[in-house]
Structure formats: structure tokens, C-alpha cells
Amino acid sequence: MPGRHRRPPPPEQEGLPPDVDLRLRAITLGRTVVDEGVVTLPGAAHPYAYRTLYRPDGRVDHILERLDPGPPHPRGSRPTE
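Notes on the structure in this doc start here.

Criteria and cut-off values
Residues numbered from 1 in each chain as written. Predicted model: local features only at pLDDT ≥ 70, side-chain atom pairs only at ≥ 80, totals over all residues. Heavy atoms only, no water. Helix = DSSP H or I, 4+ residues; strand = E, 2+ residues; numbered from the N terminus. Buried < 20%, exposed > 50% of the residue type's maximum accessible area, 1.4 Å probe, protein only. Contact = heavy atoms within 4.5 Å. Areas by Shrake-Rupley, 256 points an atom, 1.4 Å probe, with all protein chains shown as cover. Pairing = 2+ DSSP bridges. Axes fitted to C-alpha atoms, helices over the stretch in contact; angles between N-to-C directions. Salt bridge = Lys/Arg side-chain N within 4 Å of Asp/Glu carboxyl O. Polar contact = N/O pair within 3.5 Å; in protein donor to acceptor, adjacent residues only side chain to side chain.

Per the secondary structure count, the protein includes two helices and three strands. Helices (α) and strands (β) of the protein occur, in sequence order from the N terminus, as α-α-β-β-β. Taking all 81 residues of the protein together, 12% fall into the buried category. A separation threshold of at least 6 residues defines the contact pool for the protein, and within that pool the share at least 24 residues apart is 16%. Looking at the protein as shown, the accessible area adds up to about 7000 Å², and 52% of this sits on carbon and sulfur atoms.

Taken together, three strands build an open sheet; the order of strands is β1-β2-β3 and the sheet is antiparallel. If you trace the sheet from one side to the other, it starts and ends with β1 (33-40) and β3 (60-66), each paired once. Going across the sheet, the axis of each strand differs from the next one's by a mean of 15 degrees, ignoring polarity. Judged from the seven bridges that link them, strand β2 (residues 47-54) and β3 form a sheet pairing that is antiparallel. Bridge pairing links Tyr-50 to Leu-64 in β3. Against the sheet, helix α2 (residues 22-29) contacts β1, β2 and β3, and its axis sits at roughly 155 degrees relative to β1.

With that settled, consider the pattern of salt bridges. Counted according to the given criterion, the structure contains three salt bridges. For the salt bridge of Arg-55 with Asp-61, the shortest nitrogen-to-oxygen distance reads 2.9 Å. The closest approach of N and O atoms between Asp-57 and Arg-59, which form a salt bridge, is 2.9 Å. Given the relative accessible area of 46%, Arg-59 is considered partly exposed.

To continue, consider α2. Here α2 starts with a cap whose side-chain oxygen sits 3.3 Å from the backbone nitrogen of Arg-23, and that cap is Asp-21. Directly after α2, the chain includes Gly-30, whose backbone phi takes a positive value near 75 degrees.

So, on to the environment of Ala-26. Looking at the element boundaries, Ala-26 is found in helix α2. With relative accessibility at 0%, the residue Ala-26 sits in the buried group. When residues no more than four places from it in sequence are discounted, the contact partners of Ala-26 are Arg-31, Val-33, Tyr-54, Arg-55 and Pro-56.

Pasting the structure below:
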């Protein structure tokens with residue numbers, strides 16, 4: 001039985017072409033497919049983390065969260081550990 005955090009098989013082992021739409025992949029495989037990453041939006045100074053969940057029933061959930069850059073530090077200095 002696969003573990004909870006086990007990576008899904010690569011597209012070539014799923015029997016689907018690698019460029020298939022993620023929503024179609026979720027419906028075909030019968031499990032949620034996740035697309036996530038970090039992006040800086042045009043005109044924005046802060047990065048955002050995004051996560052898109054493609055559900056087997058065809059629903060899509062989008063999550064966008066602003067990442068906190070932390071406190072500013074004077075140029076040339078680093079925080080102490």
C-alpha cells in the first residue's frame with residue numbers, strides 16, 4: 001500500500017501523454033492532482049505561493065498566498081543565528 005506522501009508515478013507510467021491537461025488527468029486517474037509553485041505577479045513586489053487542486057469530480061480549487069519576506073535588514077548585514 002503506498003504511503004501518504006509518496007510521489008505519484010511519472011506520466012509515462014500512468015498511460016497518459018505527458019502534456020495532458022491536469023484536470024483531465026485527475027478525472028482519468030480518480031485522484032486529486034496538485035500543481036504548486038512560487039510566482040511574482042506583474043507589478044507586485046512580493047512573491048506569492050500558489051496551489052491548484054484538480055479534483056476527480058472536475059472541481060478546481062485555487063489557493064494563492066502572499067509570502068512574507070521577513071523583516072528588512074540593512075544592506076550588507078545578515079541576521080545572526
